[in-house]
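These are the residues of each chain, in order.
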Amino acid sequence: MNVIWGSIIAWYLFLAGLAAGAFATAALVSFKNRKLVKVQLVGRTIALLALAIGLFLLMFDAEAGFKNPLRFFYLLTNFGSVMTWGTLILGVFGCVCLVTLLLALLKKKVPRALDGLGIFMAICTAAYTGVLLGVIKTYPLWNTALLPVLFLVSALSAGMAGTFIISTFVAHKELEQLDMLKRLHFALPLVELALLAILLYMTASAAPAARLSVDRLISGDLAPSFWLGLVIIGLIIPLIAGGIGSLVKGGRRMEMREDAQVAPKSEAEAGSVAGVVAVVGSRAGAVAGSESDAEAVVEAKSVAGAVTESESRAEAVGSGALGATRVIDAAGDAGSLVGGFLLRYLIIVAAVPLTFIF
Amino acid sequence: MNKQIVSRRTFLTGSAATAALMASGMVTLSSWLSSSAHAEGTGYETVATTCNACTNKCGVIAYVKDGRLWKLKGNEAHPYSKGTLCARGHGYSQIAYSADRLTEPLKRNEDGSYSAISWEEAYREIGEKVKAILAKDGPEALAIVEDPRPNGKYYSKRFINALGSSNYYTHNATCNLSLSSGYQMTFGSANFSADIASSKLVVFIGRSYGDGLRPSSVATLAKAVKNGTKVVLVDPRLNNSGVFASQWLPINPGTDLALLLAIAHVLVAEELYDKDFVAKQTTGFDEWAAELTKYTPEWAETLTGISAETITNLAKELGAAGSKGVIEQGWRGAFGCQYRNSFNAARAVAAVNALLGNWNKKGGALITSTPKAEALDEEKFPAVPKGPQKLGIAEYPLQNQDNGTNLIVVKKADEGTLKGVFFYNSNAAKAYANPQAWQDALAKMDLKVCIDVQMSETAHLCDYVLPECSYLEREEVPDFLGGKQGCVAGRFQALEKIHPETKTSDAIYAELAEACGVGAYFKFSCEELSRAQLKSVGVSYDELKEKGVVDIGEPFAYDKVPKWKTPSEKFEFVSQKIAETKGLKLYEPLIKWVEPKVSPDPGKGEFRLIGGKQSIHSHTMTTSVEALMSITREYALERAWINAGKAAELGIEDGDEIEVSNELFTGIVRAHVTERLNPTAIWIPTHYGGSSPELTQGFGVGIPHMEYVPFDIEPDVGSAMTHEALVTVRKVSS
Amino acid sequence: MTRYGMLIDTTRCVGCFACRVACQMQNSLPPHDSYIRYEELESGTYPDVYAEQIPLQCQHCEDAPCVSVCPTGASYINKEGIVLVDKERCIGCKYCMTACPYNARIQDHATGEVEKCRFCVWHDDGSVPKPSCVDTCVTNARIFGDLDDPESEISRAIIAHNAKPIAPGLTKAKIYYVR
C-alpha cells in the first residue's frame, strides 16, 4: 500500500486538533467562570505547546522546506490551496494562543473578544485539518464533507481530555466546578461514534477503493487498531468512564457523609478499570501486529503507557471516592487522546486510492 | 527454505578489496546525486557501441558525460534495435558501476573462500595446471563454455583450439539446440526467419517477442498486426505478446509436436499443401504423408487439450494463407531444448512451412545469409590446427555441432575424462543444467577457471576467477549479422576502465595463452584483428567506429529457391542424415510423434514445471542489476504462476507463499494466480533464485528453475530437456 | 498555441519496462524511483483471457489537482501545457502527491523535493522534445506531440483510434490511451 503521508502528519493533525480543542476548552471555562484560572492556564498552555510541536512536525515532514526554510514563505502564494488557508489559519490561531497564554501567565484578563476570535480560529483549525484531507479526490475515504465535522468533534474531545487530565493533577479543585463541561466532554465520543459510523457507511457505498479502505479498517489489516484502539479505547472507554463518573458523583452527593468504606472499593474498581485500559491498550498494540499499522501500535502503546503512568499518579494523588472518580475520568481522558490520534492515523493510512482503470 | 542457498554461503576472507565487494549492491545515493547534474543541458560525448545485456547485442549509442555513462539510446542503424532499446539494455549498463563487480583476480582457498591473487600468479598457476593436464590426459581433457559474444566467439574458440582441443561449448543446449539441430536435419540451416511484416497468418509456438525481447522483432510484429496480420499464440501461458494475438491456444506443455503433426495431417488430407513446392523441392513426402494419417486432429486433441475443430480450422486457415502463412521459427520457446521430442517438433515446424510452400516467399519462411570475415593474413593471424572431434558429437550425433552440448562437460567430468574447464561470460553451473550435477562434476576436475564481471554461482565453483571489465569499458571484434540485409556491428569502448585490475577478454585470453605455451597464436591486438576482419569485407574500421553498424552485401531477394544444405540438397521430410546415422536412441528419419519424458498426474497433484524469460532479464546474468531487480521487486515478477482454477482447489490466493517441490528441490515463492496459464503447468521465470551472496540484488529472490530439472540429455541431440520436470505445490501456512 | 500531449497504445504494450528504465537514466533517478509505473489488468476466464499492461505517469492534466493544492506554487503548468515542478519553491509537503489520482509523483529522497514526468522538456539537444519513453519504446506504443496541431501525428492518431484519457472526465489529462 502506497502511503504518502504517514504517522508524522497524523501526529500533526492530532496536535493541531488537540491545540484547537484545548484552547476552546480554556476559553469556554473562561466564559463560564473567569476565576478558574488554573484550568484556563492548562488549556492555553496545551494549545500553544501542541500547536508548536505540531507545526514543527509539519515542517519537519516537509523535507525540502525543512532543508531550505526560506521556501516556507512561498506558502502564501496559492490561495486556492487548503494548505495555504491552513497556513493563514494557523498563523492567526497561533498568535491568539500566544497572546492569550502570555496574558494568562501575566495574570491579566484575556479579553472576551480575543477568546471569541480564538474559538473561531480554533474551529477553523480543527475543521481545516479535515478539509485538508477532504478535498483530496484521490482517496474516497478522505473525500467527504463529513471529515471536517468529525475532526472538529474529535478535536474538542481531545482538547478537553488533554486539559482535564492535566488539570486533575494541578487544578482538581477547579475541575469540581466544571461538571457540566466534563459531562459534555464525555458525551462527545457518542457523537464521534455516530459520525464515524456514518462516514464509513457512506464511504463504503461510494466507490470500490473506498470500500477497500473501510474493509481494511473493519475487517482487514487495520482492524485490530481500529476496533481495540480507536473504538474501544478511544471512544467506548471515555463513554463508560463518563458514565461511571456521573454515577459515582451522583452517588457521592447522596452518600457524602455515609460509610467511607465505599471509597476504597470504588477506588479499587477504578484502579482495575485503569488496569483494563492499559492492558487493552497494550493488547491493541500486540494484536495489531500487522506490518501496516506497526507504527500505530508503537504510538498507541506509548500513549497507553502515558495513560497507565498518569493513572498511577492519579491514584497516588487521589484519595477516597473523589480520587477514584478522578482515576476513572483520567482513564476516559487518556482514552480520548489515544482515540484522537488513532482516528487521524487510521484515516490517513487506511486510504486506498481511487480506482480509475477498468 | 532454500537449503542449498544457505549452504553455499561460504565465501571470501581477507583482502580489503574483497570486503568492498561484499559491501553492497546498492548504488549509493551520493553516486546518483553526483550524476543528477547530467539531467540537463548538453556537454556529452556519444560512442556507438553494442549492448551486452543479451545475445542480440543491439547497437546502442552511449551518452557519456564527464567520463560517466549518462544514458543509452538504440542505434537507428542496427537491425535489432532500430533506434529503440529494451529495459535490460538500459539497465544492464549499470553493471559498469555495480558494487558487486569483480575487481581483481581471485583464487579459491581450501575452505571455499577466495583470496586476491596477482594476474601474474594466476596466469602462472593456471598455465602450469593446463600443461599438466595436457601432458597427462591430453588436449581432449580441456573444454571451454560460454554465452557467446563477439570476443568470445573468436577468442574462446581460438584459445581452446590452440591448446589442441575442439571442446568449445555454448549455452545453446539450454536454449535452442534442439531447434537448430532439427532445422539442420530438414532444410540444412540452423535457423530461418518468418517474414512477419508480409504474412497473413503467423503461428507462434511457445515464443514470445514481448518476453524474450529483440526490439526490432516486436516492433515488426506490432506493425504487422496493425496492418492486418493474424497472430495465433500456441503457448501454455498467455505470454506478454498476447496483445498482438487474435487467438491463444493454451496447449498442454510438451505436445506442440502433436499439434504440428495434426496440422500437417489436415493440410495433406485436405490437399491444402503446395504441391508444386513439395514435388520440386522436397524428398520423402509420400512416406511422411502415410505416417501423417495417424495424426488426426482428434488424436491431437487428447494430447494437446486443443479441440480437433480448432486444430482443423487453424490448419485450414494456414492452408488458405498459403505461402503467406507461416509457423514462426521459435528460439528457446517450446522446442528449443525443453522436451524429449523438441528436435522433432522443430522438424515439424519446418515441415509444415514446407507444406505451405513458403520458403523464401514474401510473408513466409526466409533463409537469409550472414556475412563473415574472409581469411586473414596468415603471418599475423596464424590458423590454429584442427583438433580431434568435439566431445559429445559421438554420443549426440544429430546435434548442431557448432555450439555443441555443454552438458557433455558435466558428463565427462563426472566420468573423470574431462579435467579442466574454462567458463567465459557464462553461469553454466546455475542455468545450463541441474546445478547440483554441475557442482558434483566440477568437484572432480583439476582446473576450473571463470572469466566474468561478477561473482556468479559458477565462479563460486571455480579455482580461479578472472575479472573482465564491463562491456562498456572494452572494444570487441566485429559482430557480423545476417538478415534481410547483412551488416557488421562494432563494440567500442565507451568508458575508461573503472577498476584498474580488470582486463579485457582479448587480453586475458592472449595472456592465458602465453602462460599455457600457445601465445604465438595471439600476437595481435583486438583492434588489429578488427581492422583486418573489416578490411577483408571492405568495411572501414573508422566508419564502423563512427556509425556503429555498416551494411554488407546485397539485400535479401524473395522467391529465390533456398540452397538446401542437406545431403539430398532438398527439403527433407525424411532425413537422410538420420537414416545414415548409426546407434540412434530415439529419433527416426521420419518426423513421428514422440512422447515427452514425463507427464503430470493431476491425481497426485503434479504439475509440469515450465519456465520462461521476462523481458527485463537475460538468463541469470542481469539479476545482479539493481535497476532491473527493483522492477522485479516492485512488481513481484519472481512469482510462480498458477492457474486460477487450480489455485482455488489448493486454497491458494494471489500473493500467497507457496512451496514448489519435487524430489530434487523445494523452494518457497509467492504465487501469481492467473487465468493466463494452462492448469497442468506451473510457470516460473528462469532468471531467479540467485545463490551467490556477492550478487546482492538477486540473492535469494525467487526460486531457481534448473534446481528442479533432473540432469538429463535429449537422446541423439544433446539438449537439457528443461521442461521435463514435475512438481507439487502447496500453500505455506502462515 | 502548442499544447503537448502523449498517446499510449496499450494494444501495443508488452509491458517490457523499457520506458521506465530509459526514463530513469534520462533523469538520473535511482533504481527504485520511477516516473512511470504500471498497472496490469487481466480480464476473462481461462482460456478466454485478455491481459493489458497500462503504463502510467504524470498525465499533464489541464485540471491538475497537484497544481491546485500546491501551497507554494511550485507545481505549475507551463505555456505548452506541461505540468512542471519548480524545485526551488517546493517544500516537499507531498500534498500534490496525495492529490494526484494517478500516483504519478515521487519524492527525491535526497532533497525532499517532489518530481515527476516532465515530458523531457529540457531535451538534450534543445530541439522539439521527444521524451525518452517515446524514444525507446520497442513497439512504438507511444506518440508525443502537439495536441493543438490537427495535422500532428498524435492528433491524427487520437482521432483514428478514438483514444481517451485513462479516466475520462477526471482531470482533463493530456495523455490519451488506446485500449
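Counting from 1, residues in each chain are numbered in the order their sequence is written. Naming scheme: in the order in which they are written, chains are lettered from A and ligands are numbered from 1. Only residues with pLDDT of 70 or above have their local features reported here, since the model is predicted, and side-chain atom pairs are shown and tallied only from 80 upward, although totals for entire chains, interfaces and linings are computed over all residues. The side-chain quantities take in all heavy atoms of the structure and omit both hydrogens and water.

Helix numbers and strand numbers start at the N terminus; a helix is a DSSP run of H or I with at least 4 residues, a strand a run of E with at least 2. Looking only at helices and strands, one finds 13 helices and zero strands in chain A. Moving toward the C terminus, one meets the helices and strands of chain A in the order α-α-α-α-α-α-α-α-α-α-α-α-α. The buried share of chain A, taken over its 358 residues, is 55%. Note on contacts: a residue pair qualifies if any of its non-hydrogen atoms lie within 4.5 Å across the two residues. At a minimum sequence separation of 6, the contacts of chain A that also span at least 24 residues come to 80%. Only carbon and sulfur atoms are counted for the fraction: they give 71% of the accessible area of chain A, which is about 14600 Å². Relative accessibility decides the category of a residue: with a 1.4 Å probe and only protein chains considered, values under 20% of the type maximum give buried, values over 50% give exposed, and everything between is partly exposed. Reported accessibility uses the Shrake-Rupley method at a 1.4 Å probe radius. Residues are deemed covered only where the shown protein chains occlude them.

A few words now on the domain arrangement of chain B. In many analyses, interface size is given as the accessible surface area lost on bringing the parts together. Residues and elements named next belong to chain B. What counts as a domain boundary in this text is fixed by an automatic or database domain assignment. With domains assigned, chain B is organised as domain 1 (1-101 + 469-494 + 525-554), domain 2 (118-174 + 384-467 + 503-520), domain 3 (177-368 + 560-580) and domain 4 (602-733). Distance between the C-alpha centres of domain 2 and domain 3: 36 Å. Between domain 2 and domain 3, the residue contacts involve 10 residues of the former and 11 residues of the latter. Each of two parts loses accessible area, computed with a 1.4 Å probe, when they are put together; buried area is these two losses added. Roughly 810 Å² is buried in total at the junction of domain 2 and domain 3, and carbon and sulfur atoms are behind 56% of that figure. A carboxyl oxygen of Asp or Glu within 4 Å of a side-chain nitrogen of Lys or Arg is what we treat as a salt bridge. Between the two partners, domain 2 and domain 3, sit zero salt bridges. Pairs of N or O atoms are called polar contacts if they sit within 3.5 Å, as long as, within protein, a hydrogen donor faces a hydrogen acceptor (for residues adjacent in sequence, only side-chain-to-side-chain pairs). Linking domain 2 with domain 3 are six residue pairs in polar contact (both at pLDDT 80 or more). The nonpolar class holds Ala, Val, Leu, Ile, Met, Phe, Trp, Tyr, Cys and Pro. Asp, Glu, Lys and Arg form the charged class, and all remaining residues, Gly among them, are polar. Tallied by class, residues from the side of domain 2 that touches domain 3 come to three nonpolar, seven polar and no charged.

Any two packed helices are characterised by how steeply their axes cross, that is the angle between the axes, and by the distance between the axes. Residue and element names in this part refer to chain B. Fitted lines through C-alpha atoms give the axes, limited to the stretch in contact for helices. The angle between two N-to-C directions lies from 0 to 180 degrees. Two elements in contact, helix 7 (residues 177-184) and helix 14 (residues 342-356), have axes whose closest approach is 7 Å; the angle formed by their N-to-C orientations is 50°. The angle between the axes of helix 7 and helix 14 places the two elements in the oblique class. Crossing geometry of helix 7 relative to helix 14 is assigned as right-handed. Across from Ser 178, Leu 179, Ser 181, Gly 182 and Tyr 183 in helix 7, the residues of helix 14 making contact are Ser 342, Phe 343, Ala 346, Arg 347, Val 349 and Ala 350. Among the residues forming the contact of helix 7 with helix 14, the class breakdown is six nonpolar, four polar and one charged. In these notes the angle categories are as follows: under 35 degrees is roughly parallel, over 145 is roughly antiparallel, 65 to 115 is roughly perpendicular, and the rest is oblique. In this scheme the crossing of two helices becomes right-handed for a clockwise turn of the near helix relative to the far one and left-handed for an anticlockwise turn of less than a right angle.

Attention now moves to unusual backbone geometry. The omega angle of the peptide bond from Tyr 46 of chain C to Pro 47 of chain C is 0°, so this bond is cis rather than trans. Note on placement: Pro 47 of chain C falls in the loop between strand 2 (37-45) and strand 3 (48-56). The phi angle at Asp 559 of chain B is positive, at roughly 70°, despite the residue not being glycine. Checked against the element boundaries, Asp 559 of chain B lands in the loop between strand 20 (549-551) and strand 21 (571-572). Taking the relative accessible area as the measure of exposure, Asp 559 of chain B reaches 56% and is therefore exposed. One non-glycine residue with positive phi stands out, namely His 619 of chain B, at about 45°. One can find His 619 of chain B in the loop between strand 22 (606-612) and helix 22 (626-634). Relative accessible area serves as the criterion here: at 24%, His 619 of chain B is assigned to the partly exposed category.

Turning our eyes to something else, we now look at the interface of chain C and chain B. Taken together, the contact pairs 44 residues of chain C with 57 residues of chain B. The interface formed by chain C and chain B holds four salt bridges in total. Along the contact surface separating chain C from chain B lie 17 residue pairs in polar contact (both at pLDDT 80 or more). Mapped by element, the contributors of at least two residues to the side of chain C that touches chain B are helix 1 (18-26), strand 2, strand 3 and helix 4 (132-136) of chain C.

So, about the pattern of salt bridges. Think of it this way: side chains of opposite charge can pair up when their charged atoms draw near. On inspection of all chains with the given rule, the structure shows 49 salt bridges over all chains. Between Arg 20 of chain C and Glu 634 of chain B there is a salt bridge, and its shortest N-O distance comes to 3.0 Å. In this pair, Arg 20 of chain C sits in helix 1 while Glu 634 of chain B sits in helix 22, so the two residues belong to two different chains. Given the relative accessible area of 41%, Glu 634 of chain B is considered partly exposed. Ionic pairing is found between Arg 118 of chain C and Glu 115 of chain C, a salt bridge with its closest N-O pair at 3.8 Å. Accessibility assignment for this pair places Arg 118 of chain C and Glu 115 of chain C in one class, buried.

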